[in-house]
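One letter stands for each residue in the lines below.
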Amino acid sequence: MFFSGDSSIRKRVDMGGRSSKERDRQKLVEQTRQERKRRNRLREQTSAALTIQKFFRGRKAVEAEQAKVREQFFTTYGRHFQNVDRRSFGPDSEFLRQLLFFFDAQNVGDFSALVETCRLVQNFVRDTGDAVSLFAGMDYSSKNALVDYRVKQLAFACIQAVHQNRNQFKAQLLITPDESSLPTIILLEAVVLLLDPKLPWGCKIVRHLLQRNIYTLLRGIVLAAKESMKICTGKASSLERLLMLLISHVGHNPCTCPIIDPRWSFSSQILTIPFLWRLFPYLKEVFARRGLSQHYIHQMACVKNHTNVLPGDISADFPVAIDVAAVMTFLLQALPPMKSSNRESKESEDEMDVGDEITKKVVSRDLEQQISNAIDARFLLQLINVLFGEISLVNHSCEEGPDDKEVAAIGAACAFLHVTFNILPLEHIMSVLAYRTELVPLLWKFIKRCHENQKWSFLSEKLAYLSADMPGWQLPLAVFCPVYKHMLTIVDNEEFYEQETPLSLSDIRCLIVILRQALWQLLWVNPAMPPNVMKPVPEVTSHRGQPLESTQQRVSIVTAELLSQLQDWNNRRQFAPPSYFHADAVNDYFISQAVQENTRAYTILKQAPFLVPFTSRVKIFTSQLAAARQRDGSHSVFTRNRFRIRRDHILEDAFNQLSALSEDDLRGLIRISFVNEFGVEEAGIDGGGIFKDFMENITRAAFDVQYGLFKETADHLLYPNPGSGMIHEQHLQFFHFLGTVLGKAMHNYLNDLPSLDPELYRHLIFLKHFKGDISELELYFVILNNEYGEQTEEELLPRGKNIRVTNENVITFIHLVSNHRLNSQIRQQSSHFLRGFQQLIQKDWIEMFDGHELQGSLDGLDVDDLRSNTNYAGGYHSEHYVIEMFWEVLKSFSLENQMKFLKFVTGCSRGPLLGFKYLEPLFCIQRAAGSSSEEALDRLPTSATCMNLLKLPPYRSKEQMATKLLYAISAEAGFDLS
């Protein structure tokens, strides 16, 4: 600083309030700490230098000793082993001890000495057939420790020598033992000889090799062998024989082999080699043995983190991903199904279904859990993304067929997933595939291109998983259909119809055609097995791929399920003509076959009824009902069940009186007489019309939401009331009774959640599209039921109240909530209803129709159809002025009044499924008065419902006719009008 002119020294003040002494003390402490660290580093460096020097001097001393022993060895036994005989391999000889001490795989002389040693071993054993006496002399038990040590070291030295010189001799590595003069063959065959399971030291050698991470060396050898591309066919190579002995050792008892680190295991080091089975086809045969496959499945299942286990040289290797998928397919295929894999199908079955119990062999819970943990969401994402990653980057035109690389990736992924679907619980993997991968759009593009370019035969030739008789389209459809079906369960209307994701509507129309043709091929043209043995799916036993029948049956099931779901979407808002779902070859022969059990047509009606046009199914249903009535006809002639029913207590009286009837009595004739509110029996003889009226009134009473058995949606559809038990003590018996007596009705069909519970639907859609962290919403896997003010909490998963909803599991949460609301909550009521219904109408018959078809066929009145199928009597004819007025008046009625009119004249407010020409007898209009006097014209129209007859006076004006008709059909006076 420059002198300022002020000679005084100003005191420095620390504005932080600390004294300079304190600051200096902290600085001193820090300097001391740094000095201590420096001295520690110097000590560590000095110690390390001493260790390195000690090791270096030790190695130099060992090398000097090895050189000395090597020189002594060759002096004693000769450079060409001219002084070596059988006794040189005995326990008292120095031959093996010296060789194994100085052996260096990089030394050419040592390598040649080891090859000659192995050649002599093989010759001596071949001459005598006894390897034990060669190494142990006459008494192995007393010298087993020394002998075991020598053979272990010899076996490892041979493999180490091959590995060290693998690039030099890579053309020899896949040669068969016939070329016994080649160095690598001699070395490998010596190890094969020593690993003979009959020898006493076999397990000890394997144990020693595993401890030395032998599979890492063998991996290097195999990868070098692949580069030569010299593969001999017809026999197993020496390298393959060695691998076969090593992997099969796990089946030996007793076995003391250690549990090695998964990083150095056979599964990680060998099974991950690209195209392994092409190199070693006989190894695949050995690997397929049940005990071995189970062992290695268990070994892989126990791995917690697959990323750290795989060798570093395969991090982004596309062929490796294909082979990993192939290996896992091969392993999983050997397993029986898991106990929980059928849980989803069991829940979907109705409680009343009774079938043959099929005993299946299943995987233990412990192994199932381990495999499920191993094939988790992260693993699936990695595998699918690697397999499909490069495909998605290439923009193929529709005119191009798939190339070999694409076929290999699609085939490996589909084979693995197809087997996985049959083994693992679907709930663990479907959501990942549907919502977190591009599997659906990519697989669809592949299917579409193959279809449009007729490349399916090409696919059959390229996919190793497919048998020669299996069409190429079966495997992609076996994976695409269940994943896309799962995705559709949570796609909302806006996504499907407006945004057209994940597939456009034009693509879906094309998909429907492909699925329809495939399903018809599977079920009609070329069925896998006779219809009467369609179930169950056979257990997979072949290691070359699933049996044709098993895969074909599985594909037919998932294809039918997806087509049925697409038809449901089409019913909600039509995007394709109904004929898109109909097979072209349905004819009179098909219809005649469909009514007979154990025929292909009958099977199609059960599994895929939408393939058959609606009118054809109605004809089949009608013929089935007629046949049933004919079988029960003789019984009904002699059975007369008459019941008096009070109109104002119709449901209670019917329940009390008809519930006691047997199934045969219910099929017979039932006569009804109504009692009015005054206790007087109404006029009229039940020739069938009164019973129809009785059925109509039961429907009206039972489905009235005020009665408490059913609830109404926002779209005025009915569904069983989950809280019906809180209103009626015998609510389940009522549901059973309704199903029994309403043989011509079906329980309501829940199209979707928006109709049933719009508020819950909006909340679930909000969750599905929520962009933030869902866990912050504090949702758990529980649902709150609120019926008539009583709230109950129900867990959607075991311990669900402790499982928070996150971005990873929100799709599962949405599925569980929807399933609870649409199915689980009303399962009891629906099951009892169906039990009663199926007493009279076979389940197979009604399953020919979906809910939309049943609902649509029952709504409205086609006046023109009724007019064209009407007879006239009493002087009326089709051109009579009264008849002309009548049809004009009927057309002017509202839909509600038209249905009332139909009920008034036929006893039922619904017409026949196929139209009024099937009404028996045909509708008839008869003149009711002989004259047109004022007294005659003042009469009300009357009817005879058992004859479908309307007695109509000759009214003079449309106004008068409309007034009289409306009064008659709305009076609800029963049969007192007669």
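Above: the structure in question.
Residues numbered from 1 in each chain as written. Predicted model: local features only at pLDDT ≥ 70, side-chain atom pairs only at ≥ 80, totals over all residues. Heavy atoms only, no water.

### Regarding the overall build of the protein
Step number 1: Secondary structure assignment for the protein yields 45 helices and 10 strands.
Step number 2: Every one of the 978 residues in the protein was classed for burial, and the buried ones make up 47%.
Step number 3: Residue pairs in contact within the protein that sit at least 24 positions apart in sequence constitute 75% of those at least 6 positions apart.
Step number 4: Accessible surface for the protein amounts to roughly 49400 Å². Of this, 51% is attributable to carbon and sulfur atoms. (Helix = DSSP H or I, 4+ residues; strand = E, 2+ residues; numbered from the N terminus. Buried < 20%, exposed > 50% of the residue type's maximum accessible area, 1.4 Å probe, protein only. Contact = heavy atoms within 4.5 Å. Areas by Shrake-Rupley, 256 points an atom, 1.4 Å probe, with all protein chains shown as cover.)

### What to know about the pairing of strand β10 (residues 949-952)
Step number 1: Where strand β8 (residues 923-927) meets β10, 4 bridges bridge the pair, whose relative direction is parallel. Bridge assignment links Q926 to a residue of β10, and that residue is K951. (Pairing = 2+ DSSP bridges.)

### Topic: the packing of aromatic side chains
Step number 1: For the structure shown, the criterion picks out 29 aromatic pairs.
Step number 2: Arranged with centres 5.4 Å apart and planes meeting at 80 degrees, the rings of F73 and F74 form a pair that is edge-to-face. Pair check on accessibility: F73 and F74 agree, each one buried.
Step number 3: An aromatic cluster of at least three residues, connected via ring pairs, comprises F73, F74, Y77, F81, F89, F95, F102, F124, F135, Y140 and W201.
Step number 4: When the ring centre of Y497 is taken as reference, the NZ or CZ atom of R573 above it lies at 4.3 Å.
Step number 5: The ring of W524 is capped by R600, whose NZ or CZ atom sits 4.7 Å from the centre of that ring. (Phe/Tyr/Trp six-rings, centres within 6.5 Å; stacked < 30°, edge-to-face > 60°. Lys NZ or Arg CZ within 6 Å of the ring centre and 35° of its normal.)

### What to know about the packing of helix α23 (residues 474-488) against helix α25 (residues 505-525)
For any two helices packed against each other, the geometry comes down to the angle between their axes and how far apart the axes lie.
Step number 1: Interhelical geometry of α23 versus α25 gives an angle of 125 degrees and a closest axis separation of 12 Å. Taken together, the axes of α23 and α25 are oblique relative to one another. The two elements α23 and α25 cross, and the hand of that crossing is left-handed. In this structure, α23 uses Q474, L477, F480, C481 and Y484 to contact α25, whose residues at the interface are I508, L511, L515, A518 and L522.
Step number 2: Broken down by class, the residue content of the contact of α23 with α25 amounts to 9 nonpolar, 1 polar and no charged. (Axes fitted to C-alpha atoms, helices over the stretch in contact; angles between N-to-C directions. Parallel < 35°, antiparallel > 145°, perpendicular 65-115°, else oblique. Left-handed = near helix turned anticlockwise from the far one by under 90°. Nonpolar A, V, L, I, M, F, W, Y, C, P; charged D, E, K, R; others polar.)

### Concerning unusual backbone geometry
Step number 1: Omega for the peptide link from T501 to P502 comes to 0 degrees, which places this bond in the cis form.
Step number 2: Along the chain, P502 falls in the loop between α24 (493-499) and α25.
Step number 3: One non-glycine residue with positive phi stands out, namely E500, at about 55 degrees.
Step number 4: Residue E500 is classed as partly exposed on the basis of its relative accessible area, which comes to 29%.
Step number 5: Here N948, not a glycine, exhibits a phi torsion of approximately 55 degrees, which is positive.
Step number 6: Counting through the fold element by element, N948 comes out in the loop between β9 (942-944) and β10.

### Things to note about the nonpolar core
Step number 1: Counting residues in hydrophobic clusters, the biggest one holds 85 residues, and the most contacted among them are F480, Y484, F496 and L566.
Step number 2: Per-element accounting of this core gives the leading share, 12 residues, to α25.
Step number 3: Counting 82 residues, the second largest nonpolar core, distinct from the first, contains V69, A155, V162 and F266. (Core = buried A, V, L, I, M, F, W, Y, C linked by side-chain atoms within 4.5 Å.)

### Some remarks on the state of the cysteines
Step number 1: For the structure shown, the criterion picks out 0 disulfides.
Step number 2: Distance from the sulfur of C118, which forms no disulfide, to the nearest cysteine sulfur (C158) is 3.3 Å.
Step number 3: Taking relative accessible area as the criterion, C118 reaches 1% and is therefore assigned buried. (Disulfide = S-S within 2.5 Å.)

### Details of the pattern of salt bridges
Step number 1: One pass over the full model with this rule turns up 18 salt bridges.
Step number 2: A salt bridge links D110 to R70, with the shortest nitrogen-to-oxygen separation between them at 2.8 Å. Taken together, the positions of D110 in helix α3 (residues 108-128) and R70 in helix α1 (residues 20-77) put the pair 40 residues apart, joining distant regions of the chain.
Step number 3: The buried category is assigned to R70, whose relative accessible area is 18%.
Step number 4: For E189, the salt bridge identified is with R241, shortest N-O distance 3.0 Å. Here E189, found in helix α6 (residues 183-194), pairs with R241, found in helix α9 (residues 238-248); they are 52 residues apart in sequence, far enough to count as distant.
Step number 5: The exposure class assigned to R241 is partly exposed, which follows from its relative accessible area of 31%.
Step number 6: Among the charged side chains, a network of salt bridges with common partners joins E35, R38 and R39. (Salt bridge = Lys/Arg side-chain N within 4 Å of Asp/Glu carboxyl O.)

### So, the packing of helix α5 (residues 144-164) against helix α7 (residues 202-211)
Step number 1: Interaxial distance between α5 and α7 falls to 9 Å at its minimum, and their mutual angle equals 50 degrees. In terms of their interaxial angle, α5 and α7 are classed as oblique. You can see that α5 and α7 cross each other, and the crossing is right-handed. Residues N144, D148, V151, K152, Q153, A155, F156 and I159 of α5 lie in contact with α7, whose contacting residues are K204, I205, H208 and L209.
Step number 2: For the contact of α5 with α7, the per-class residue count stands at 6 nonpolar, 3 polar and 3 charged.

### Side note on the sheet that holds β9
Step number 1: Taken in spatial order, the 4 strands line up as β7-β8-β10-β9 in an open sheet, and their pairing is mixed. Edge positions in the open sheet fall to β7 (870-873) and β9, since each of these has one partner strand only. Sheet twist, expressed as the mean angle between neighbouring strand axes with direction ignored, is 25 degrees.

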